Amino acid sequence: MTTLEFKIEINAPKEKVWEILWNEETYKQWTSIFCEGSYAESDWKEGSKIHFLSPNGDGMNSIIFKKIDNEYMAFKHLSEIKKFQEMPVDDATQEWTGAMEMYRLTEDNGITVLEAKMDAVEKYIDYFKTTWPKALDLVKKLSEEK
């Protein structure tokens, strides 16, 4: 697995960027870059389960590994979800089980730096290198417009 890193400067306080990232409505907007109609189901507490889902019920079963409000969120991906059901780890998912996805916010003089890191398997690296910058651009736009 390779850890991909992305960074963007946003002209908004980190509390605003945090809200855009994890508020249900705006989360759906910026994650639509990866999959139209995607959403997450969770209580958003550290240690809790989180399901990242597409409208047809496919997605990722993960846990909120670490959460520091307005600063840091980390997810640990465990297995696939098919038709809203958690699937057991098989040979295909074994390759990425335990992959991490992390978000860090730092602010200096009203400018927030959003850093996103993600463990990716080889076959998805090019896809993520294309989609992540678009998703972060949308987070920036949403954070700066309201």
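Residues numbered from 1 in each chain as written. Predicted model: local features only at pLDDT ≥ 70, side-chain atom pairs only at ≥ 80, totals over all residues. Heavy atoms only, no water.

A tally of regular secondary structure across the chain gives 4 helices and 8 strands. Counted from the first residue to the last, the chain has its helices and strands arranged as β-α-α-β-β-β-β-β-α-β-β-α. A globule of 146 residues ought to have a C-alpha radius of gyration of about 15 Å, and the chain, at 15 Å, matches this closely. For the chain, the spread of C-alpha atoms along the principal axes amounts to about 45 × 30 × 25 Å. Relative to its full complement of 146 residues, the chain shows a buried share of 42%. Put simply, of all contacts in the chain between residues at least 6 apart along the chain, 54% involve residues at least 24 apart. (Helix = DSSP H or I, 4+ residues; strand = E, 2+ residues; numbered from the N terminus. Rg over C-alpha atoms; globule rule 2.2 N^0.38 Å. Buried < 20%, exposed > 50% of the residue type's maximum accessible area, 1.4 Å probe, protein only. Contact = heavy atoms within 4.5 Å.)

Side chains of a nonpolar character, in soluble globular proteins, are inclined to be buried together. Within the largest apolar cluster, 32 residues are counted, with the highest numbers of intra-cluster contacts made by Trp22, Trp30, Phe75, Leu114 and Trp132. Elements represented by at least two residues in this core include exactly β1 (2-10), α1 (14-22), α2 (24-31), β3 (49-53), β5 (72-82), β7 (100-108), β8 (111-120) and α4 (125-145). Those residues in contact with tryptophan 132, other than ones at most four positions away along the chain, are Phe6, Trp30, Phe34, Glu101, Tyr103, Ala116 and Met118. (Core = buried A, V, L, I, M, F, W, Y, C linked by side-chain atoms within 4.5 Å.)

On to the pairing of β5, then. Taken together, the 9 bridges between strand β4 (residues 59-68) and β5 define a ladder with antiparallel strand orientation. Of the residues in β5, the one forming a bridge with serine 62 is histidine 77. Two elements, β5 and β7, share 5 bridges in a ladder whose sense is antiparallel. In the strand pairing of β7, methionine 73 is matched with tyrosine 103. Pairing between β5 and strand β6 (residues 85-86): 2 bridges, direction antiparallel. In the strand pairing of β6, lysine 82 is matched with glutamine 85. Linking β5 back to β6 in an antiparallel pair, the connection comprises 2 residues, with lysine 83 at a positive phi of about 50 degrees. (Pairing = 2+ DSSP bridges.)

Moving on, we come to unusual backbone geometry. A positive phi angle, near 50 degrees, is found at lysine 83, a position not held by glycine. One non-glycine residue, asparagine 109, lies in positive phi territory at about 55 degrees.

Our focus in this paragraph is the pattern of salt bridges. Scanning the entire structure with this criterion turns up 7 salt bridges. Residue lysine 82 is joined to glutamate 80 by a salt bridge in which the shortest nitrogen-to-oxygen separation is 3.7 Å. Residue class for lysine 82 comes out partly exposed when judged on its relative accessible area of 37%. In this structure, glutamate 144 engages lysine 140 in a salt bridge whose closest nitrogen and oxygen atoms are separated by 3.0 Å. (Salt bridge = Lys/Arg side-chain N within 4 Å of Asp/Glu carboxyl O.)

The next thing to look at is the confidence of the model for the chain. Close inspection of predicted coordinates is inappropriate for parts of the model with low pLDDT. The predicted model of the chain has a mean per-residue pLDDT of 95, with 99% of residues at 70 or higher. Within the chain, the element-level pLDDT minimum falls on helix α3 (residues 91-94), averaging 82, and the maximum on β1, averaging 98. (pLDDT = per-residue confidence, 0-100.)

As a further point, take the environment of glutamate 9. Relative to the elements of secondary structure, glutamate 9 occurs in strand β1. Of the residues examined, glutamate 9 reaches a relative accessible area of 54% and is grouped as exposed. Ignoring any residue separated from it by four or fewer positions in sequence, one finds glutamate 9 in contact with Ile111, Thr112, Val113, Lys140 and Glu144.

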